[in-house]
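These are the residues of each chain, in order.
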Amino acid sequence: MDFSIFDKINEVVKTVFETPVGVIILFVAFLLISLIVAAILEKRTKKQFKDRDED
């Protein structure tokens, strides 16, 4: 059985979790995903309660 794919996965995981650049990439990705989800949920909420005006 060829384990080269597992070696590549292990290398990527080590790069992402054990280097400062990898941690920054994870943080930025989490931030972007959170902002996208928040925008989608906000849009759906405004659509659901469109009869209420913001004063």
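The model shown is predicted, which means the values in this text are computed figures rather than measured ones.

Draft legend 1. Just the overall build of the chain, in detail. Scanning the chain from N- to C-terminus turns up two helices and zero strands. The buried share among the 55 residues of the chain stands at 2%.

Draft legend 2. The arrangement of the packing of helix α1 (residues 4-18) against helix α2 (residues 20-48) in detail. Two elements in contact, α1 and α2, have axes whose closest approach is 5 Å; the angle formed by their N-to-C orientations is 80°. One finds that α1 runs roughly perpendicular with respect to α2. Facing α1, whose interface residues are Thr15, Val16, Phe17 and Glu18, α2 presents Pro20, Gly22, Val23 and Leu26.

Draft legend 3. Summary view of a nonpolar patch on the surface. Taken together, the side chains of Ile5, Phe6, Ile9, Val13, Phe17 and Leu26 present a nonpolar region at the surface, about 560 Å² in accessible area. If one sorts the elements of the nonpolar patch by residue count, α1 sits on top with five residues. Checked against the element boundaries, Phe6 lands in helix α1. For Phe6, a relative accessible area of 44% gives the class partly exposed.

Each value, and the rule that gives it
- Residues numbered from 1 in each chain as written.
- Predicted model: local features only at pLDDT ≥ 70, side-chain atom pairs only at ≥ 80, totals over all residues.
- Heavy atoms only, no water.
- Helix = DSSP H or I, 4+ residues; strand = E, 2+ residues; numbered from the N terminus.
- Buried < 20%, exposed > 50% of the residue type's maximum accessible area, 1.4 Å probe, protein only.
- Axes fitted to C-alpha atoms, helices over the stretch in contact; angles between N-to-C directions.
- Parallel < 35°, antiparallel > 145°, perpendicular 65-115°, else oblique.
- Contact = heavy atoms within 4.5 Å.
- Patch = residues over 30% accessible without salt bridge, like charges linked within 9 Å, V, L, I, M, F, W, Y side chains within 5 Å.
- Areas by Shrake-Rupley, 256 points an atom, 1.4 Å probe, with all protein chains shown as cover.
- Salt bridge = Lys/Arg side-chain N within 4 Å of Asp/Glu carboxyl O.

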